[in-house]
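Observations on the three-dimensional arrangement
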Amino acid sequence: MNNIIRKVTLLTTASAALVAHTACETDANEIDTSGGTPISVMTCIFSPTDTIRVHIASSVAYDSHQKEAAVDDAYVTMSVNDEPLWTTHITNGQTDAAFPPQKLTTDDKVTISAEIGDNGKMVRGSALVMSRVPIERVDTITSDDKETLHISLSMRDPQETTDYYQITVHRLAYQDGIGTDTVIKCKYKSNVFSDLTGNMTSAAPIGLFVDERLPVRGGGRNTLHLSAPWADIKKPLKEDGADSTVISVRLLHLSDDFYNFMNTRQQSQNFLLLPVFGTSAVTSNTDGGYGIVACEVYDEKRFTLTTY
């Protein structure tokens, strides 16, 4: 019996209740990583209007110096609403494929499938394009010690559905018109962020929440509170060679499988996980392998910094 324990690497960037429209969500505990056969891993997180990039790799033995291995030849197909639109070929040794922007709209379903190797093994995952939930207002105030920026975000949530969200703060640094997006580590203060595991340890670092924790108010409007360190927001331009910066506060509307993926991934990072049982606790929404296919939809408010 081959007892090689394999490790699985998932790449993410960073971000609801319509399960029937997305690929089935799989608890990764059902995926045996202890066998000698490599596991195909597919990662695709995209926005509705940008290039759709797909990363396909294979698991490696846990004691390997590599994080992943390239797959054999693979034909990768992108479909929108079950209609195949593009197919590209990944040759042996490559791990990435890209498809043109599609101008996707709410409720569109994007499916990524990969036929890998001579045996035609299929890995498939789907993502639903969520609606954009607008940010109604963002207010900021600097702490008395000038070290913290307190942020209040107001939003209106439809109470007739269960929705999943994330709030993030970004520093966008530009040099000659080319931007670099850095996520700022925030403190998430509202009680809504503690819903995931009954404490703040897993929810707070990445700002996930479910609307069922929002107070029921007339019209469904709610205000959530977080804070960010000024040292990260107002980092001198010369440190990253930028000529200007913008701060972005984003409200992401997530599908339930994307939310569960990020939630379980965050929880797994709170512990030192040894592969004793040969399994992973991070959820997956791909069939025939492991990984995540998700669409990142958000509204944002931007602020230009003028003093340093």
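Report follows, based on the coordinates. Just so we're clear, the structure is a prediction, and the values are computed from it rather than from any experiment.

Rules behind the numbers
- Residues numbered from 1 in each chain as written.
- Predicted model: local features only at pLDDT ≥ 70, side-chain atom pairs only at ≥ 80, totals over all residues.
- Heavy atoms only, no water.
- Pairing = 2+ DSSP bridges.
- Helix = DSSP H or I, 4+ residues; strand = E, 2+ residues; numbered from the N terminus.
- Axes fitted to C-alpha atoms, helices over the stretch in contact; angles between N-to-C directions.
- Salt bridge = Lys/Arg side-chain N within 4 Å of Asp/Glu carboxyl O.
- Buried < 20%, exposed > 50% of the residue type's maximum accessible area, 1.4 Å probe, protein only.

Turning our eyes to something else, we now look at the sheet that holds strand 18 (residues 286–287). Judged by pairing direction, the sheet is antiparallel, and its five strands sit side by side in the order 6-5-8-9-18 without closing on themselves. Strand pairing shows two members of the sheet lacking a second neighbour, strand 6 (83–90) and strand 18, which therefore form its edges.

Turning to the sheet that holds strand 3 (residues 52–58), a few remarks are in order. Spatial strand order, 7-3-2-19: four strands in an open sheet with mixed pairing. The open sheet has two free edges, formed respectively by strand 7 (96–99) and strand 19 (290–295), since each of these has just one partner strand. Averaged over all neighbouring strand pairs, the angle between strand axes comes to 15°, with direction disregarded. Summarising the sheet, strand 2 (residues 40–46) and strand 3 pair through four bridges and their orientation is antiparallel. Each bridged residue has a counterpart across the sheet, and for Thr43 the counterpart in strand 3 is His55.

The next point concerns the pattern of salt bridges. Pairs may arise between side chains of opposite charge once their charged atoms sit close together. Tallied over the full model, the rule gives eight salt bridges. For Asp299, the salt bridge goes to Arg132, with nearest N and O atoms at 3.0 Å. Taken as a pair, Asp299 in strand 20 (residues 297–304) and Arg132 in the loop between strand 9 (121–128) and strand 10 (135–142) lie far apart in primary sequence, 167 residues in all. Linking Asp181 and Arg250 is a salt bridge whose minimum nitrogen-to-oxygen distance equals 3.1 Å. Of the two residues, Asp181 sits in strand 13 (residues 178–184) while Arg250 sits in strand 17 (residues 244–254), which places them 69 residues apart along the sequence. A network of salt bridges, in which partner residues are shared, links Asp181, Arg250, Glu300 and Arg302.

Okay, the pairing of strand 7 next. Burial along strand 7 is one-sided: the face carrying Ala97 and Phe99 is buried and the face carrying Asp96 and Ala98 is not. Bridge count between strand 3 and strand 7: four bridges; the pairing is antiparallel. Paired with Arg53 across the strands is Ala98, a residue of strand 7.

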